[in-house]
Amino acid sequence: MFTLEDGRPPADRLIALRHALHREPELGLDLPLTQAKVLAALDGLPLEITIGASLTSVTAVLRGGRSGPAVLLRGDMDALPVTEENDLDYASRLPGRMHACGHDVHTAALVGAARLLAERRADLAGDVVFMFQPGEEGYGGARLMIEEGVLDAAGDRVVAAYAVHVSSAGTPFGVVGTRPGTMMSACAAATVTVTGAGGHGSLPHQATDPVPAMCEMVTALQTMVTRSIDAFDPAVITVGSIHAGSAGNVIPGSGRFEATIRSFSSATQQAIRDGFHRVVRGIADAHRVRADIDYREQYPVTVNDAAETAFALRAATGLVGPERAITMQRPMAASEDFAFVLDRVPGAYLGVGAVPPGIDPHAAAMNHSPGALFDDGSVPICAVLLAELAARRLAEA
Ligand SMILES: [Zn+2]
């Protein structure tokens, strides 16, 4: 199996790739420059490569020298609409775009894993599918790749799937963390348009005022969370945007508010969706206004399979030692579209600390912030970790 030392020889090339990706970030599902860099980096390796039709994905299959099942490794490739504030020689050259969530690290690491596994191809007891995915940041790129067949790219359905995610704060450098069961929250978004009948502010009885109805909806949604959701299986509703009217003495004809909704189990995900509709509709009826609800489920709960998580922690412990491979006590409130993969295939999602040495992890800039920093040393660690997960899982199959 692999050791961290195996990450040394390819590290310079992988870090150079990471820097090239970081300088030229791309957003969403259409990442042509990123895709070209990945294809160039994989060139010459014994891989079966296909590219996406509806998105700029890259799927590569490595056939092992021995027969066995297939496993999947995923790396997301898209950046965020953030203007970088770091003074780095490889800082983003494009204002309004930054690899602020470390997906440049993931992409380079997945190339590294392909390189490491290709070198040991003869010993590999099965196949490995490398999933280079655009559009993680709210675009559902994983779901599109699944629709285009990534889970069956090796022929049969993969038996396990793994992904790693670096963090620029919180977790010390080189620490690998995961947990069985719920790893990350489900995420939904709602836009509510409330329509009444506008009028003069002095004669509300001759109008149908949407404003007090909207105010009641916002507070009643918070009460609904505390009264109908299990305190040990929580949910969050945040109404982050509310707009109505243009003057104090004019009753507006309509108003609008937007919310984000997070939950940690599919049961609560459904309960909060039902509760949201019930509360908004009921208050609208009570005030004789109309409420049009556009409720969009974005990502499901990211659920790690218990056996795969135990396996992944064993593999990580072998690489980084028992003090640096930890079981997280709590899930994370962020959401992740690898959830769509783990919905269909058992697997595990692992966090890797990438805070540069010398910076206090608890004071460091978080993922998604314009000052987020991910240490280059995380690239070979993630590459070896991914390679080890695939090779060891196939050996134990
Ligand atoms: Zn991310």
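Reading the values: the criteria
Residues numbered from 1 in each chain as written. Predicted model: local features only at pLDDT ≥ 70, side-chain atom pairs only at ≥ 80, totals over all residues. Heavy atoms only, no water. Domains from an automatic or database assignment. Contact = heavy atoms within 4.5 Å. Buried area = accessible area lost by both parts, 1.4 Å probe. Polar contact = N/O pair within 3.5 Å; in protein donor to acceptor, adjacent residues only side chain to side chain. Nonpolar A, V, L, I, M, F, W, Y, C, P; charged D, E, K, R; others polar. Helix = DSSP H or I, 4+ residues; strand = E, 2+ residues; numbered from the N terminus. Buried < 20%, exposed > 50% of the residue type's maximum accessible area, 1.4 Å probe, protein only. Donors = N, O, S within 2.8 Å, 3.2 Å for Na, K, Ca; no water. Core = buried A, V, L, I, M, F, W, Y, C linked by side-chain atoms within 4.5 Å. Expected span 1.5 Å × (residues − 1).

Quick notes on the domain arrangement of the protein
- Taken domain by domain, the protein comprises domain 1 (4–183 + 302–396) and domain 2 (186–299).
- Placing the centre of domain 1 and that of domain 2 at their C-alpha centroids yields a distance of 38 Å.
- Tallying the contact residues gives 15 residues for domain 1 and 6 residues for domain 2.
- A per-residue breakdown of the area domain 1 buries against domain 2 is headed by Thr182, Ala333 and Ser335, which together make up 51% of the total.
- The tally of links from domain 1 across to domain 2 stands at 6 residue pairs in polar contact (both at pLDDT 80 or more).
- Taken together, the residues that form the side of domain 1 that touches domain 2 break down as 6 nonpolar, 5 polar and 4 charged.

Here's the deal with the environment of Leu313
- Its place among the elements puts Leu313 in helix 7 (residues 306–320).
- For Leu313, a relative accessible area of 13% puts it in the buried group.
- For the pair formed by Leu313 and Asn86, sequence separation is 227 residues and the distance between their alpha carbons is 33 Å.
- Setting aside anything within four residues of it in sequence, one finds Leu313 in contact with Thr178, Ala325, Ile326 and Thr327.

Considering the coordination of the zinc ion
- Protein coordination at the zinc ion: the donors are Cys101 (SG), His103 (NE2) and His165 (NE2), at 2.2 to 2.3 Å from the metal.
- When the donors of the zinc ion are listed by position in the chain, the intervening gaps give C-x1-H-x61-H.

A word on the nonpolar core
- By size, the foremost hydrophobic cluster in this structure holds 64 residues, and its most contacted members are Leu42, Leu73, Leu117, Val128, Phe130 and Phe132.
- A per-element tally of this core places helix 9 (residues 378–396) first, with 12 residues.
- Sequence-distant contacts of Leu117, that is, excluding residues within four places in its chain, are made with Phe2, Leu62, Leu73, Leu124, Val128, Phe130, Ala387, Ala390 and Ala391.
- Ranked by size, the runner-up nonpolar core spans 26 residues in total, among them Met214, Ala235, Val289 and Tyr295.

Observations concerning the environment of Met224
- The residue Met224 is located in helix 5 (residues 210–228) in this model.
- On a C-alpha basis, the gap between Met224 and Ile237 in space is 9.8 Å, while along the polypeptide they are 13 residues apart.
- Residues within four places of Met224 in sequence aside, it is in contact with Ile229, Ile237, Ile272, Gly275, Phe276, Arg278 and Val279.

Some details on helix 7
- Taking 1.5 Å as the rise per residue, helix 7 with 15 residues should run 21 Å; its terminal C-alpha atoms sit 21 Å apart, in good agreement.
- Among the residues of helix 7, those classed as buried are Glu308, Thr309, Phe311, Ala312, Leu313, Ala315, Ala316, Leu319 and Val320.
- Residues of helix 7 that are buried make contact with strand 5 (160–167), strand 6 (176–178), strand 14 (302–304), strand 15 (325–327), strand 16 (347–353) and helix 9.
- The N-terminus of helix 7 is capped by Asp305, whose side-chain oxygen sits 3.2 Å from the backbone nitrogen of Ala307.
- Immediately beyond the C-terminal end of helix 7, within one or two residues, lies Gly321, with a positive phi of roughly 90°.

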